[in-house]
Amino acid sequence: MARGFDSKFVEAQQEEALRDKPARPALTPEQKALEARRQAILLSRTRAQAELERATAPAHRHMLESAIAALDEQLKTFDTPNRDL
């Protein structure tokens, strides 16, 4: 049975996507752990920012602003030039 144009087109797109991906060096377990930690902090910051946008109580807003500032400080440790990621 002959394949349709759509399935051939999808297959060509998939092959092109695989071909165009730049080869990334393999990460060490330590680098993987650091990247996972950075992603978790970014997720927490995004969640706190979304909650801040909905918060109305001044004390709650202050707490969220403080949490975001603390998360930003943690993220700065990942932006140091000596990191090997």
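So, here's what we can say about the structure. (Residues numbered from 1 in each chain as written. Predicted model: local features only at pLDDT ≥ 70, side-chain atom pairs only at ≥ 80, totals over all residues. Heavy atoms only, no water.)

**Describing the nonpolar core**
In a soluble, globular protein the nonpolar side chains are often hidden away together inside. Residues Ala48, Leu52, Ala55, Leu64 and Ile68 constitute the largest nonpolar core, which totals five residues. Setting aside chain neighbours within four positions, we find Ala48 in contact with Leu64 and Ile68. (Core = buried A, V, L, I, M, F, W, Y, C linked by side-chain atoms within 4.5 Å. Buried < 20%, exposed > 50% of the residue type's maximum accessible area, 1.4 Å probe, protein only. Contact = heavy atoms within 4.5 Å.)

**Here's the deal with helix α3 (residues 58-76)**
For an α-helix, the turn length of 3.6 residues means that residues three or four places apart are oriented alike. For α3, spanning 19 residues, the distance from its first C-alpha to its last is 27 Å, which sits close to the expected 27 Å at 1.5 Å a residue. Here α3 has its buried residues at Leu64, Ile68, Leu71 and Leu75. The buried side chains of α3 occupy one side of the element, clustering within an arc of 65° when seen end-on. Of the residues in α3, the exposed ones pointing more than 90 degrees away from the buried face are Pro58, Ala59, His62 and Lys76. (Helix = DSSP H or I, 4+ residues; strand = E, 2+ residues; numbered from the N terminus. Expected span 1.5 Å × (residues − 1). Arc of directions from axis to C-beta.)

**A few points about the pattern of salt bridges**
Pairing between side chains of opposite charge can happen when their charged atoms approach one another. Applying the stated criterion across every chain, the model contains three salt bridges. Measuring nitrogen to oxygen at the nearest pair gives 2.5 Å for the salt bridge that ties Arg45 to Asp72. Of this pair, Arg45 sits in helix α2 (residues 29-54) while Asp72 sits in helix α3, and the two are 27 residues apart along the sequence. Among the residues examined, Asp72 registers a relative accessible area of 27% and is labelled partly exposed. Across the salt bridge formed by Glu73 and Lys76, the nearest N and O atoms sit 3.1 Å from each other. Note that Glu73 and Lys76 are positioned in helix α3 at a spacing of three residues, about one turn of the helix. Owing to a relative accessible area of 46%, Glu73 belongs among the partly exposed residues under this scheme. (Salt bridge = Lys/Arg side-chain N within 4 Å of Asp/Glu carboxyl O.)

Any link to function would need more than the numbers given here.
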